[in-house]
Amino acid sequence: MPLHTGPEKPDERPRSVNPFYGEANPVGGMTEAPPQHRLPDGPLPPATAYQLVHDELMLDGNSRLNLATFVTTWMEPQADVLMAECRDKNMIDKDEYPRTAELERRCVAMLADLWNAPDPSAAVGCSTTGSSEACMLAGMALKRRWAKRNANRYPGARPNLVMGVNVQVCWEKFCTFWEVEARQVPMEGDRFHLDPQAAAELCDENTIGVVGILGSTFDGSYEPIAELCAALDELQERTELDIPVHVDGASGAMVAPFLDEDLLWDFRLPRVASINTSGHKYGLVYPGVGWALWRSAAELPEELVFRVNYLGGDMPTFALNFSRPGAQVVAQYYTFLRLGREGFRAVQQATRDVAMGLADRVERLGDFRLLTRGDQLPVFAFTTATDVTAYDVFDVSRRMRERGWLVPAYAFPANREDLSVLRVVCRNGFSSDLAELFVEDLGRLLPELRRQPHPLTHDTDAATGFHH
Ligand SMILES: *Cc1c(COP(=O)(O)O)cnc(C)c1O
(Lines give C-alpha, C1' and ligand atoms only; values in the text may rest on other atoms or scores of the structure.)
Protein backbone atom coordinates (compact mmCIF):
# COMPACT_ATOMS: atom_id res chain seq x y z
CA MET A 1 0.00 0.00 0.00
CA PRO A 2 1.15 3.53 -0.58
CA LEU A 3 1.99 5.15 2.69
CA HIS A 4 -0.73 7.75 2.72
CA THR A 5 -0.40 11.26 4.04
CA GLY A 6 -3.23 13.69 4.77
CA PRO A 7 -5.78 14.91 2.23
CA GLU A 8 -4.36 16.11 -1.08
CA LYS A 9 -7.13 18.67 -1.43
CA PRO A 10 -8.96 19.56 1.75
CA ASP A 11 -12.77 19.73 1.47
CA GLU A 12 -13.30 23.38 0.65
CA ARG A 13 -16.33 24.15 -1.45
CA PRO A 14 -19.46 22.01 -1.17
CA ARG A 15 -19.78 19.56 -4.07
CA SER A 16 -23.18 18.91 -5.54
CA VAL A 17 -24.69 15.46 -5.78
CA ASN A 18 -27.09 13.92 -8.30
CA PRO A 19 -30.57 14.86 -6.99
CA PHE A 20 -31.80 11.32 -7.66
CA TYR A 21 -29.48 9.97 -5.01
CA GLY A 22 -31.25 11.50 -2.03
CA GLU A 23 -33.84 9.26 -0.49
CA ALA A 24 -36.18 11.12 1.82
CA ASN A 25 -38.23 13.58 -0.26
CA PRO A 26 -39.29 13.84 -3.91
CA VAL A 27 -36.03 14.77 -5.50
CA GLY A 28 -33.59 14.02 -2.78
CA GLY A 29 -33.18 15.36 0.68
CA MET A 30 -29.54 15.90 0.00
CA THR A 31 -28.02 18.43 -2.33
CA GLU A 32 -24.47 18.41 -1.08
CA ALA A 33 -22.10 15.48 -1.29
CA PRO A 34 -20.63 14.36 2.03
CA PRO A 35 -17.05 15.41 2.86
CA GLN A 36 -14.31 13.09 1.63
CA HIS A 37 -11.52 13.76 4.06
CA ARG A 38 -13.24 13.81 7.41
CA LEU A 39 -15.99 11.69 8.84
CA PRO A 40 -19.40 13.13 7.79
CA ASP A 41 -21.43 14.59 10.63
CA GLY A 42 -24.33 12.20 10.21
CA PRO A 43 -25.34 8.99 8.45
CA LEU A 44 -26.55 8.55 4.86
CA PRO A 45 -29.20 6.12 3.65
CA PRO A 46 -27.50 2.90 2.47
CA ALA A 47 -28.67 3.29 -1.17
CA THR A 48 -27.16 6.77 -1.37
CA ALA A 49 -23.88 5.72 0.24
CA TYR A 50 -23.68 2.73 -2.09
CA GLN A 51 -24.29 4.84 -5.19
CA LEU A 52 -21.62 7.37 -4.24
CA VAL A 53 -18.95 4.73 -3.64
CA HIS A 54 -19.99 2.74 -6.69
CA ASP A 55 -19.79 5.78 -8.95
CA GLU A 56 -16.31 6.70 -7.81
CA LEU A 57 -15.03 3.17 -8.43
CA MET A 58 -16.22 3.28 -12.06
CA LEU A 59 -13.01 5.19 -12.79
CA ASP A 60 -10.82 2.23 -11.83
CA GLY A 61 -9.31 0.42 -14.82
CA ASN A 62 -10.69 -2.61 -16.62
CA SER A 63 -8.76 -5.49 -15.11
CA ARG A 64 -9.12 -7.76 -18.14
CA LEU A 65 -7.09 -5.26 -20.21
CA ASN A 66 -4.41 -5.07 -17.55
CA LEU A 67 -1.36 -6.92 -18.83
CA ALA A 68 0.78 -5.69 -15.94
CA THR A 69 -0.51 -7.72 -13.03
CA PHE A 70 -0.01 -11.40 -12.21
CA VAL A 71 -2.99 -11.44 -9.91
CA THR A 72 -6.22 -13.29 -10.72
CA THR A 73 -8.90 -11.04 -12.17
CA TRP A 74 -11.58 -13.58 -13.00
CA MET A 75 -13.18 -16.45 -11.11
CA GLU A 76 -16.32 -18.47 -11.69
CA PRO A 77 -19.64 -17.33 -10.18
CA GLN A 78 -19.62 -20.42 -7.91
CA ALA A 79 -16.35 -19.21 -6.41
CA ASP A 80 -17.96 -15.81 -5.83
CA VAL A 81 -20.79 -17.47 -3.95
CA LEU A 82 -18.45 -19.52 -1.76
CA MET A 83 -16.33 -16.50 -1.01
CA ALA A 84 -19.39 -14.49 -0.06
CA GLU A 85 -20.47 -17.31 2.24
CA CYS A 86 -17.13 -17.19 4.03
CA ARG A 87 -16.46 -13.51 4.32
CA ASP A 88 -17.29 -13.47 8.02
CA LYS A 89 -14.95 -16.35 8.81
CA ASN A 90 -11.71 -15.43 10.49
CA MET A 91 -8.93 -17.76 9.39
CA ILE A 92 -7.15 -17.52 12.74
CA ASP A 93 -10.19 -18.75 14.62
CA LYS A 94 -9.49 -22.38 13.97
CA ASP A 95 -11.55 -23.58 16.86
CA GLU A 96 -14.68 -21.71 15.77
CA TYR A 97 -14.25 -22.65 12.12
CA PRO A 98 -12.69 -26.11 12.18
CA ARG A 99 -13.84 -26.96 8.65
CA THR A 100 -12.17 -23.88 7.17
CA ALA A 101 -9.02 -24.88 9.06
CA GLU A 102 -9.37 -28.39 7.66
CA LEU A 103 -9.63 -27.07 4.09
CA GLU A 104 -6.44 -25.06 4.68
CA ARG A 105 -4.72 -28.23 5.93
CA ARG A 106 -5.85 -30.14 2.84
CA CYS A 107 -4.55 -27.42 0.53
CA VAL A 108 -1.14 -27.68 2.24
CA ALA A 109 -1.21 -31.47 1.81
CA MET A 110 -2.15 -31.15 -1.88
CA LEU A 111 0.67 -28.68 -2.48
CA ALA A 112 3.18 -30.92 -0.65
CA ASP A 113 2.16 -33.73 -2.99
CA LEU A 114 2.17 -31.48 -6.06
CA TRP A 115 5.68 -30.24 -5.20
CA ASN A 116 6.93 -33.78 -4.60
CA ALA A 117 7.73 -33.62 -0.92
CA PRO A 118 9.47 -36.94 -0.20
CA ASP A 119 7.08 -37.51 2.70
CA PRO A 120 4.01 -35.31 2.16
CA SER A 121 2.72 -36.15 5.63
CA ALA A 122 5.94 -34.74 7.13
CA ALA A 123 5.81 -31.48 5.16
CA VAL A 124 4.55 -28.45 7.09
CA GLY A 125 2.95 -25.36 5.65
CA CYS A 126 0.41 -22.62 6.03
CA SER A 127 -1.64 -20.13 4.09
CA THR A 128 -0.62 -16.48 4.07
CA THR A 129 -1.95 -13.23 2.62
CA GLY A 130 0.29 -13.71 -0.41
CA SER A 131 3.80 -14.64 -1.43
CA SER A 132 5.28 -11.63 0.34
CA GLU A 133 4.20 -12.89 3.74
CA ALA A 134 5.18 -16.43 2.74
CA CYS A 135 8.67 -15.20 1.78
CA MET A 136 9.01 -13.35 5.11
CA LEU A 137 8.17 -16.57 6.94
CA ALA A 138 10.53 -18.67 4.82
CA GLY A 139 13.30 -16.11 5.26
CA MET A 140 12.75 -16.05 9.03
CA ALA A 141 13.03 -19.83 9.18
CA LEU A 142 16.31 -19.68 7.22
CA LYS A 143 17.66 -16.97 9.48
CA ARG A 144 16.74 -18.81 12.66
CA ARG A 145 18.29 -22.04 11.42
CA TRP A 146 21.49 -20.19 10.60
CA ALA A 147 21.51 -18.56 14.05
CA LYS A 148 21.11 -21.94 15.73
CA ARG A 149 23.81 -23.52 13.59
CA ASN A 150 26.21 -20.73 14.29
CA ALA A 151 25.40 -20.11 17.94
CA ASN A 152 28.57 -18.95 19.67
CA ARG A 153 30.71 -19.68 16.65
CA TYR A 154 30.85 -16.28 15.07
CA PRO A 155 29.70 -13.73 17.65
CA GLY A 156 28.48 -10.53 16.02
CA ALA A 157 28.32 -12.11 12.58
CA ARG A 158 25.88 -10.55 10.13
CA PRO A 159 23.67 -12.97 8.22
CA ASN A 160 23.31 -12.67 4.45
CA LEU A 161 20.93 -14.01 1.84
CA VAL A 162 22.04 -14.68 -1.73
CA MET A 163 19.69 -14.00 -4.65
CA GLY A 164 19.57 -12.64 -8.18
CA VAL A 165 19.21 -8.89 -8.64
CA ASN A 166 15.91 -9.73 -10.38
CA VAL A 167 14.19 -10.78 -7.12
CA GLN A 168 10.76 -9.43 -6.38
CA VAL A 169 10.77 -6.50 -3.96
CA CYS A 170 9.56 -8.73 -1.09
CA TRP A 171 13.11 -10.10 -0.70
CA GLU A 172 14.54 -6.63 -0.35
CA LYS A 173 11.86 -5.99 2.23
CA PHE A 174 12.75 -9.18 4.07
CA CYS A 175 16.42 -8.19 4.20
CA THR A 176 15.64 -4.68 5.38
CA PHE A 177 13.03 -5.63 7.96
CA TRP A 178 14.97 -8.56 9.41
CA GLU A 179 18.44 -7.03 9.10
CA VAL A 180 19.94 -9.49 6.71
CA GLU A 181 22.47 -8.44 4.09
CA ALA A 182 21.09 -8.91 0.56
CA ARG A 183 23.82 -10.32 -1.69
CA GLN A 184 22.65 -9.95 -5.23
CA VAL A 185 24.01 -11.58 -8.37
CA PRO A 186 23.82 -8.96 -11.13
CA MET A 187 22.48 -9.54 -14.64
CA GLU A 188 25.12 -10.03 -17.31
CA GLY A 189 24.71 -9.72 -21.08
CA ASP A 190 21.69 -11.80 -22.08
CA ARG A 191 21.43 -13.49 -18.70
CA PHE A 192 18.55 -11.78 -16.94
CA HIS A 193 18.43 -13.91 -13.80
CA LEU A 194 20.62 -15.67 -11.27
CA ASP A 195 23.74 -17.53 -12.34
CA PRO A 196 24.27 -20.66 -10.18
CA GLN A 197 28.05 -20.39 -10.08
CA ALA A 198 28.03 -16.70 -9.25
CA ALA A 199 25.49 -17.38 -6.49
CA ALA A 200 27.65 -20.11 -4.95
CA GLU A 201 30.63 -17.78 -5.00
CA LEU A 202 28.74 -15.20 -2.92
CA CYS A 203 28.06 -17.73 -0.14
CA ASP A 204 30.01 -17.89 3.09
CA GLU A 205 29.50 -19.19 6.63
CA ASN A 206 26.95 -16.43 7.31
CA THR A 207 24.75 -17.20 4.32
CA ILE A 208 21.31 -18.19 5.61
CA GLY A 209 20.22 -19.49 2.21
CA VAL A 210 19.94 -18.83 -1.50
CA VAL A 211 16.66 -17.79 -3.12
CA GLY A 212 15.87 -19.21 -6.53
CA ILE A 213 12.92 -17.77 -8.42
CA LEU A 214 10.65 -19.96 -10.45
CA GLY A 215 9.39 -17.31 -12.72
CA SER A 216 11.25 -14.01 -12.65
CA THR A 217 8.94 -11.03 -12.49
CA PHE A 218 11.21 -9.14 -14.86
CA ASP A 219 10.89 -11.43 -17.88
CA GLY A 220 8.99 -14.59 -16.88
CA SER A 221 12.05 -16.85 -17.13
CA TYR A 222 12.62 -19.75 -14.75
CA GLU A 223 15.83 -19.62 -12.75
CA PRO A 224 17.89 -22.83 -13.03
CA ILE A 225 17.04 -24.29 -9.62
CA ALA A 226 18.59 -27.74 -10.22
CA GLU A 227 21.85 -26.17 -11.43
CA LEU A 228 21.80 -23.86 -8.43
CA CYS A 229 21.49 -26.85 -6.10
CA ALA A 230 24.31 -28.62 -7.96
CA ALA A 231 26.58 -25.59 -7.59
CA LEU A 232 25.81 -25.54 -3.85
CA ASP A 233 26.44 -29.31 -3.60
CA GLU A 234 29.83 -28.70 -5.11
CA LEU A 235 30.43 -25.80 -2.70
CA GLN A 236 29.62 -28.13 0.17
CA GLU A 237 32.10 -30.72 -1.06
CA ARG A 238 34.81 -28.10 -1.17
CA THR A 239 34.03 -26.13 1.97
CA GLU A 240 31.50 -28.09 4.05
CA LEU A 241 29.14 -25.11 3.87
CA ASP A 242 25.64 -26.57 3.66
CA ILE A 243 23.45 -23.80 2.25
CA PRO A 244 19.69 -24.38 1.94
CA VAL A 245 17.67 -23.15 -1.03
CA HIS A 246 14.28 -21.48 -0.89
CA VAL A 247 12.30 -21.49 -4.11
CA ASP A 248 10.18 -18.40 -4.67
CA GLY A 249 7.54 -20.00 -6.88
CA ALA A 250 5.08 -17.11 -6.56
CA SER A 251 3.99 -17.74 -10.15
CA GLY A 252 5.86 -20.77 -11.42
CA ALA A 253 5.04 -23.19 -8.61
CA MET A 254 1.51 -23.28 -9.99
CA VAL A 255 2.61 -23.53 -13.62
CA ALA A 256 5.61 -25.88 -13.78
CA PRO A 257 3.94 -28.85 -12.00
CA PHE A 258 1.36 -28.98 -14.77
CA LEU A 259 3.26 -27.93 -17.87
CA ASP A 260 6.90 -28.80 -17.16
CA GLU A 261 6.68 -32.04 -15.23
CA ASP A 262 10.23 -33.07 -16.05
CA LEU A 263 11.75 -29.84 -14.82
CA LEU A 264 13.51 -30.44 -11.49
CA TRP A 265 12.90 -27.47 -9.25
CA ASP A 266 10.92 -28.66 -6.20
CA PHE A 267 11.33 -30.92 -3.15
CA ARG A 268 12.76 -33.63 -5.41
CA LEU A 269 15.96 -31.63 -4.97
CA PRO A 270 17.16 -32.43 -1.44
CA ARG A 271 18.62 -28.96 -1.01
CA VAL A 272 15.24 -27.24 -1.46
CA ALA A 273 14.11 -26.51 2.09
CA SER A 274 11.00 -24.47 1.40
CA ILE A 275 8.76 -23.19 -1.39
CA ASN A 276 6.20 -20.42 -1.60
CA THR A 277 3.50 -19.60 -4.11
CA SER A 278 0.80 -16.98 -4.57
CA GLY A 279 -2.60 -18.67 -4.59
CA HIS A 280 -3.85 -15.44 -6.13
CA LYS A 281 -1.55 -15.62 -9.17
CA TYR A 282 -1.54 -18.84 -11.20
CA GLY A 283 -3.29 -20.54 -8.27
CA LEU A 284 -6.31 -18.82 -9.86
CA VAL A 285 -7.86 -17.28 -6.72
CA TYR A 286 -8.80 -13.62 -6.15
CA PRO A 287 -6.23 -11.54 -4.22
CA GLY A 288 -5.44 -12.41 -0.64
CA VAL A 289 -3.87 -15.87 -0.49
CA GLY A 290 -0.38 -17.33 -0.61
CA TRP A 291 1.26 -20.52 0.62
CA ALA A 292 4.52 -21.40 2.35
CA LEU A 293 5.69 -24.99 2.70
CA TRP A 294 8.73 -26.57 4.36
CA ARG A 295 10.10 -29.98 3.43
CA SER A 296 9.69 -31.17 7.03
CA ALA A 297 9.46 -29.85 10.56
CA ALA A 298 13.26 -29.85 10.70
CA GLU A 299 13.32 -26.90 8.26
CA LEU A 300 10.98 -24.79 10.40
CA PRO A 301 12.43 -23.98 13.83
CA GLU A 302 9.87 -24.68 16.48
CA GLU A 303 10.33 -21.42 18.37
CA LEU A 304 8.81 -19.52 15.45
CA VAL A 305 5.51 -21.35 15.81
CA PHE A 306 2.98 -19.84 18.18
CA ARG A 307 0.12 -21.42 20.04
CA VAL A 308 -2.57 -19.16 21.40
CA ASN A 309 -5.48 -20.36 23.46
CA TYR A 310 -7.57 -17.23 23.77
CA LEU A 311 -9.88 -18.17 20.91
CA GLY A 312 -10.31 -21.63 22.38
CA GLY A 313 -8.32 -24.56 21.04
CA ASP A 314 -4.59 -24.66 20.75
CA MET A 315 -3.70 -24.76 17.06
CA PRO A 316 -0.08 -23.94 16.21
CA THR A 317 0.28 -21.01 13.77
CA PHE A 318 3.09 -19.37 11.86
CA ALA A 319 2.03 -16.01 10.43
CA LEU A 320 2.67 -12.30 10.57
CA ASN A 321 -1.02 -11.41 10.68
CA PHE A 322 -3.45 -12.59 13.27
CA SER A 323 -6.96 -12.11 11.86
CA ARG A 324 -7.40 -12.80 8.17
CA PRO A 325 -10.37 -13.69 5.94
CA GLY A 326 -11.08 -17.38 5.36
CA ALA A 327 -12.75 -16.84 1.98
CA GLN A 328 -9.58 -16.98 -0.14
CA VAL A 329 -8.46 -20.24 1.44
CA VAL A 330 -11.88 -21.76 0.80
CA ALA A 331 -11.71 -20.49 -2.79
CA GLN A 332 -8.30 -22.11 -3.19
CA TYR A 333 -9.68 -25.44 -2.05
CA TYR A 334 -12.60 -24.98 -4.44
CA THR A 335 -10.19 -24.33 -7.31
CA PHE A 336 -8.14 -27.43 -6.48
CA LEU A 337 -11.27 -29.56 -6.29
CA ARG A 338 -12.83 -27.99 -9.36
CA LEU A 339 -9.86 -28.33 -11.71
CA GLY A 340 -7.75 -31.21 -10.50
CA ARG A 341 -4.43 -31.81 -12.25
CA GLU A 342 -6.04 -32.17 -15.66
CA GLY A 343 -8.02 -28.98 -15.31
CA PHE A 344 -5.02 -26.99 -14.12
CA ARG A 345 -2.98 -28.37 -17.00
CA ALA A 346 -5.63 -27.31 -19.51
CA VAL A 347 -6.01 -23.82 -18.06
CA GLN A 348 -2.27 -23.15 -17.80
CA GLN A 349 -1.61 -24.61 -21.25
CA ALA A 350 -4.26 -22.37 -22.78
CA THR A 351 -2.64 -19.37 -21.11
CA ARG A 352 0.83 -20.42 -22.29
CA ASP A 353 -0.51 -20.89 -25.83
CA VAL A 354 -1.90 -17.36 -25.80
CA ALA A 355 1.38 -15.96 -24.45
CA MET A 356 3.56 -17.78 -26.99
CA GLY A 357 1.25 -16.94 -29.88
CA LEU A 358 1.18 -13.30 -28.87
CA ALA A 359 4.97 -13.13 -28.42
CA ASP A 360 5.32 -14.53 -31.92
CA ARG A 361 2.94 -11.96 -33.39
CA VAL A 362 4.75 -9.12 -31.64
CA GLU A 363 8.06 -10.34 -33.03
CA ARG A 364 6.63 -10.47 -36.54
CA LEU A 365 5.67 -6.79 -36.37
CA GLY A 366 9.38 -6.26 -37.06
CA ASP A 367 10.09 -3.39 -34.67
CA PHE A 368 10.71 -5.48 -31.57
CA ARG A 369 13.18 -7.95 -30.12
CA LEU A 370 11.84 -10.61 -27.72
CA LEU A 371 13.80 -11.31 -24.53
CA THR A 372 11.50 -14.17 -23.57
CA ARG A 373 8.77 -16.01 -25.50
CA GLY A 374 6.16 -16.95 -22.91
CA ASP A 375 7.25 -20.60 -22.86
CA GLN A 376 8.11 -20.64 -19.14
CA LEU A 377 5.77 -18.37 -17.22
CA PRO A 378 3.09 -17.26 -19.70
CA VAL A 379 4.84 -13.90 -19.60
CA PHE A 380 7.17 -12.28 -22.08
CA ALA A 381 9.36 -9.22 -22.22
CA PHE A 382 10.41 -7.38 -25.34
CA THR A 383 12.28 -4.27 -26.32
CA THR A 384 12.64 -2.16 -29.44
CA ALA A 385 14.98 -3.46 -32.15
CA THR A 386 18.34 -1.72 -32.40
CA ASP A 387 17.40 0.15 -35.59
CA VAL A 388 14.35 1.67 -33.91
CA THR A 389 15.37 5.16 -32.77
CA ALA A 390 12.22 7.24 -33.25
CA TYR A 391 10.46 5.83 -30.21
CA ASP A 392 11.15 3.68 -27.18
CA VAL A 393 9.31 1.23 -24.93
CA PHE A 394 8.01 4.04 -22.73
CA ASP A 395 6.32 5.63 -25.75
CA VAL A 396 4.70 2.30 -26.60
CA SER A 397 3.43 1.87 -23.05
CA ARG A 398 1.99 5.39 -22.96
CA ARG A 399 0.32 5.16 -26.36
CA MET A 400 -1.16 1.69 -25.73
CA ARG A 401 -2.75 3.11 -22.62
CA GLU A 402 -4.78 5.43 -24.86
CA ARG A 403 -6.47 2.30 -26.16
CA GLY A 404 -7.06 0.93 -22.69
CA TRP A 405 -4.14 -1.50 -22.56
CA LEU A 406 -1.94 -1.45 -19.51
CA VAL A 407 1.53 -2.68 -20.52
CA PRO A 408 4.31 -1.66 -18.15
CA ALA A 409 7.66 -0.42 -19.44
CA TYR A 410 10.66 -0.42 -17.12
CA ALA A 411 14.45 -0.44 -17.00
CA PHE A 412 16.35 -3.55 -15.95
CA PRO A 413 18.58 -3.57 -12.83
CA ALA A 414 22.39 -3.97 -12.58
CA ASN A 415 24.27 -4.65 -14.87
CA ARG A 416 21.67 -4.09 -17.58
CA GLU A 417 20.36 -0.67 -16.64
CA ASP A 418 20.82 0.20 -20.30
CA LEU A 419 17.98 -2.13 -21.23
CA SER A 420 14.33 -1.09 -20.99
CA VAL A 421 11.52 -3.48 -21.81
CA LEU A 422 7.79 -3.93 -22.09
CA ARG A 423 6.26 -6.89 -20.32
CA VAL A 424 3.05 -8.76 -21.07
CA VAL A 425 1.59 -11.03 -18.37
CA CYS A 426 -1.00 -13.43 -19.76
CA ARG A 427 -3.55 -14.79 -17.31
CA ASN A 428 -6.57 -17.01 -17.47
CA GLY A 429 -9.24 -14.73 -18.93
CA PHE A 430 -6.89 -13.06 -21.40
CA SER A 431 -8.22 -14.88 -24.42
CA SER A 432 -6.70 -15.30 -27.86
CA ASP A 433 -9.39 -12.87 -29.10
CA LEU A 434 -8.11 -10.20 -26.74
CA ALA A 435 -4.54 -11.03 -27.75
CA GLU A 436 -5.53 -10.52 -31.38
CA LEU A 437 -6.98 -7.10 -30.58
CA PHE A 438 -3.81 -6.24 -28.69
CA VAL A 439 -1.53 -6.95 -31.66
CA GLU A 440 -3.87 -5.08 -33.99
CA ASP A 441 -3.78 -2.02 -31.74
CA LEU A 442 -0.01 -2.23 -31.44
CA GLY A 443 0.45 -2.65 -35.18
CA ARG A 444 -1.81 0.33 -35.93
CA LEU A 445 0.27 2.48 -33.63
CA LEU A 446 3.63 1.77 -35.22
CA PRO A 447 3.43 4.07 -38.30
CA GLU A 448 2.74 7.01 -35.98
CA LEU A 449 5.49 6.05 -33.57
CA ARG A 450 7.98 5.66 -36.42
CA ARG A 451 7.26 9.24 -37.50
CA GLN A 452 8.29 10.65 -34.10
CA PRO A 453 11.46 12.77 -34.22
CA HIS A 454 12.77 10.95 -31.11
CA PRO A 455 11.42 9.17 -28.01
CA LEU A 456 8.95 11.43 -26.24
CA THR A 457 8.08 9.89 -22.90
CA HIS A 458 9.86 10.56 -19.67
CA ASP A 459 11.24 7.21 -18.54
CA THR A 460 10.12 6.68 -14.99
CA ASP A 461 8.50 3.61 -13.50
CA ALA A 462 5.82 5.85 -12.08
CA ALA A 463 4.87 7.04 -15.55
CA THR A 464 4.16 3.57 -16.84
CA GLY A 465 3.26 1.59 -13.74
CA PHE A 466 5.60 -1.36 -13.31
CA HIS A 467 3.85 -3.95 -11.19
CA HIS A 468 5.72 -6.93 -9.92
C1 LIG B 1 4.36 -11.55 -7.02
C2 LIG B 1 5.62 -12.07 -6.50
C3 LIG B 1 5.94 -11.97 -5.15
C4 LIG B 1 5.03 -11.27 -4.17
O5 LIG B 1 3.83 -11.96 -4.10
P6 LIG B 1 2.47 -11.36 -3.51
O7 LIG B 1 1.59 -12.56 -3.55
O8 LIG B 1 2.04 -10.28 -4.44
O9 LIG B 1 2.75 -10.88 -2.14
C10 LIG B 1 7.13 -12.53 -4.72
N11 LIG B 1 7.96 -13.14 -5.57
C12 LIG B 1 7.70 -13.25 -6.89
C13 LIG B 1 8.67 -13.95 -7.78
C14 LIG B 1 6.52 -12.71 -7.39
O15 LIG B 1 6.25 -12.83 -8.70
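So, how was this worked out
Residues numbered from 1 in each chain as written. Predicted model: local features only at pLDDT ≥ 70, side-chain atom pairs only at ≥ 80, totals over all residues. Heavy atoms only, no water. Buried < 20%, exposed > 50% of the residue type's maximum accessible area, 1.4 Å probe, protein only. Helix = DSSP H or I, 4+ residues; strand = E, 2+ residues; numbered from the N terminus. Pairing = 2+ DSSP bridges. Domains from an automatic or database assignment. Contact = heavy atoms within 4.5 Å. Buried area = accessible area lost by both parts, 1.4 Å probe. Salt bridge = Lys/Arg side-chain N within 4 Å of Asp/Glu carboxyl O. Polar contact = N/O pair within 3.5 Å; in protein donor to acceptor, adjacent residues only side chain to side chain. Phe/Tyr/Trp six-rings, centres within 6.5 Å; stacked < 30°, edge-to-face > 60°. Lys NZ or Arg CZ within 6 Å of the ring centre and 35° of its normal. Core = buried A, V, L, I, M, F, W, Y, C linked by side-chain atoms within 4.5 Å.

Caption draft 1: Layout of the pairing of strand β7 (residues 290-294). β7 sits mainly inside the fold: five of its five residues count as buried. Judged by which residues are buried, β7 turns out to be covered on both faces: G290, A292 and W294 on one side and W291 and L293 on the other are all buried. Direction of pairing for strand β1 (residues 124-128) relative to β7: antiparallel, over a ladder of five bridges. Bridging across to β7, V124 finds its partner in W294. Of the pairings in the sheet, the one linking strand β6 (residues 272-278) to β7 comprises five bridges and is antiparallel in character. Paired with I275 across the two strands is L293, which belongs to β7.

Caption draft 2: Molecular detail of unusual backbone geometry. With an omega of -5°, the peptide bond running from A414 to N415 counts as cis. Tracing the sequence through the fold places N415 in the loop between β12 (409-411) and β13 (420-425). Its identity as a non-glycine residue notwithstanding, E179 has a phi of 55°, on the positive side. Considering the arrangement of structural elements, one finds E179 in the loop between α5 (169-177) and β3 (181-185).

Caption draft 3: Spotlight on the domain arrangement of the protein. Along its sequence, the protein is organised into domain 1 (77-335) and domain 2 (341-452). One C-alpha centre belongs to domain 1, the other to domain 2, and the line joining them spans 29 Å. Facing 30 residues of domain 1, the contacting portion of domain 2 comprises 29 residues. For the pair domain 1 and domain 2, the summed buried area comes to about 2500 Å², and 62% of that belongs to carbon and sulfur atoms. Three residues, F258, L259 and Y282, lead the burial of domain 1 against domain 2; their summed loss comes to 27% of the area buried on that side. Seen at the junction of domain 1 and domain 2, the total is four salt bridges. Residue D190 pairs with R416 through a salt bridge whose shortest N-O separation is 4.0 Å. At the junction of domain 1 with domain 2, the criterion picks out 15 residue pairs in polar contact (both at pLDDT 80 or more).

Caption draft 4: View of the packing of aromatic side chains. Under the defined criterion, the tally for this structure stands at 16 aromatic pairs. Pairing W405 with F438 gives two aromatic rings, centres 5.3 Å apart and planes at 90°, and the pair type is edge-to-face. Within this pair, whereas W405 is found in the loop between α10 (393-401) and β12, its partner F438 is found in helix α11 (residues 432-450), the two being separated by 33 residues in sequence. Like F438, W405 is buried. Their ring planes at 20° and their centres at 6.2 Å tell us that Y410 and F412 sit as a pair that is stacked. The pair Y410 / F412 is uniform in exposure class, with both members buried. Ring-pair connections join several aromatic residues into one group, and the members of that group are W171, F174, F177 and W178. Sitting over the ring of F70, K281 keeps its end group 5.1 Å from the ring centre.

Caption draft 5: How the structure looks around the side chain of T384. Looking at where T384 falls in the secondary structure, it is placed in strand β11 (residues 379-384). Its relative accessible area of 15% is what places T384 among the buried residues. Once residues within four sequence positions are removed from consideration, T384 is found in contact with D367, F368, R369, Y391, D392 and V393.

Caption draft 6: Here's a closer look at the nonpolar core. Counting 64 residues, the largest nonpolar core has W115, L232, W265 and V272 as its most contacted members. Top element by residues in this core is helix α9 (residues 327-364). It accounts for 10 residues. Those residues in contact with L232 that lie beyond four places of it in its chain are A200, C203, V210, I243, V245 and R271. Among the nonpolar cores identified, the runner-up in size contains 34 residues, and A355, A390, F394 and C426 belong to it.

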